[in-house]
Amino acid sequence: QVRLVESGGGLVQAGGSLRLSCAASGSIFSIAFMGWYRQAPGNQRELVATSTSEGTTNYADSVKGRFTISRDNAKNTVYLQMNSLKPEDTAVYYCAAVITDTWKSVNKYWGQGTQVTVST
């Protein structure tokens, strides 16, 4: 069984910073993809940033230059450093990962979500 556990959300003033973490655990053989999505009230879930196991990253235009995704493959953990936060970044942030388990089954897993609120 595989789990993703997020941490690091909270309340911050506009212009501030937060760092989210997401650790994968369980019967993991390999992780091909890890990323962050977010969903604001009334909106669809949207991609924020992704990282492949080779280190290729991808960002939504709205966060380029402000957010940085990084991975610690030894710890099966992905991070999202968020700087210069804006009120429009307020959302529930979800971690996602495409994981091959020890039975060689490939699935996309989601974390439980962590709230990020940016005040004016």
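See above for the structure.
Small disclaimer: the values here were computed from a predicted structure and weren't measured.

> Honestly, the overall build of the protein chain in this entry has me stumped. Any pointers?
Scanning the protein chain for helices and strands turns up 0 helices and 11 strands. What you see for the protein chain is a C-alpha radius of gyration of 14 Å, in line with the 14 Å of a compact globule of 120 residues. In terms of principal-axis extent, the alpha carbons of the protein chain reach across some 50 × 25 × 20 Å. Counting the 120 residues in the protein chain, one finds 42% classified as buried. If you take every contact in the protein chain between residues at least 6 apart in sequence, the share linking residues at least 24 apart comes to 56%. Total accessible area computed for the protein chain in this model is approximately 6,200 Å², and 47% of it derives from carbon and sulfur atoms. Averaging the locations of the 11 positively and 8 negatively charged side chains of the protein chain gives two centres separated by 3 Å.

> Just checking my understanding: could you explain the packing of aromatic side chains for this structure?
Aromatic ring pairs are described here by two measures, namely the spacing of the ring centres and the angle between the planes. Applying the stated criterion across every chain yields a total of 1 aromatic pair. Lying across the ring of Trp110, Arg45 places its NZ or CZ 4.7 Å from the centre.

> What is the right way to look at the sheet that holds strand E8 (residues 77-82) in this model?
Note on sheets: strands pair through backbone hydrogen bonds, and any given pair is parallel or antiparallel. Reading across from one edge, E1-E3-E8-E7 is the order of the 4 strands in this open sheet, with antiparallel pairing throughout. The two strands at the open ends of the sheet, each matched to only one other strand, are strand E1 (2-7) and strand E7 (67-72). Shown here is a sheet whose adjacent strand axes are inclined to one another by a mean of 15°, direction ignored. Both strand E3 (residues 18-26) and E8 contribute to a ladder of 6 bridges, which runs antiparallel. Considered in E8, the bridge of Ala23 is made with Thr77.

> I tried to follow the state of the cysteines on my own but got confused; where do I start?
What makes a disulfide is a covalent bond joining the sulfur atoms belonging to two cysteines. Per the counting criterion, the structure on display carries 1 disulfide. The side chain of Cys22 participates in a disulfide bridge whose partner is Cys95; the two sulfur atoms lie 2.1 Å from each other. Handedness of the Cys22-Cys95 disulfide follows from its S-S torsion of about -75°: it is left-handed. Linking Cys22 in strand E3 with Cys95 in strand E9 (residues 91-101), this pair joins segments that are 73 residues apart in sequence. Considered together, Cys22 and Cys95 belong to a single accessibility category, that of buried residues.

> How should the side chain of Asp101 be read in this particular structure?
Counting through the fold element by element, Asp101 comes out in strand E9. For the buried Asp101, which has no salt bridge, the nearest side chain bearing the opposite charge is Lys104, at an N-O separation of 8.3 Å. A distance of 2.8 Å separates a polar atom in the side chain of Asp101 from the backbone nitrogen of Trp103. A distance of 2.9 Å separates a polar atom in the side chain of Asp101 from the backbone nitrogen of Ser105.

Cut-offs and rules
Residues numbered from 1 in each chain as written. Predicted model: local features only at pLDDT ≥ 70, side-chain atom pairs only at ≥ 80, totals over all residues. Heavy atoms only, no water. Helix = DSSP H or I, 4+ residues; strand = E, 2+ residues; numbered from the N terminus. Rg over C-alpha atoms; globule rule 2.2 N^0.38 Å. Buried < 20%, exposed > 50% of the residue type's maximum accessible area, 1.4 Å probe, protein only. Contact = heavy atoms within 4.5 Å. Areas by Shrake-Rupley, 256 points an atom, 1.4 Å probe, with all protein chains shown as cover. Lys, Arg positive; Asp, Glu negative; His and termini not counted. Charge placed at Lys NZ, Arg CZ, Asp CG, Glu CD. Phe/Tyr/Trp six-rings, centres within 6.5 Å; stacked < 30°, edge-to-face > 60°. Lys NZ or Arg CZ within 6 Å of the ring centre and 35° of its normal. Pairing = 2+ DSSP bridges. Axes fitted to C-alpha atoms, helices over the stretch in contact; angles between N-to-C directions. Disulfide = S-S within 2.5 Å. Salt bridge = Lys/Arg side-chain N within 4 Å of Asp/Glu carboxyl O. Polar contact = N/O pair within 3.5 Å; in protein donor to acceptor, adjacent residues only side chain to side chain.

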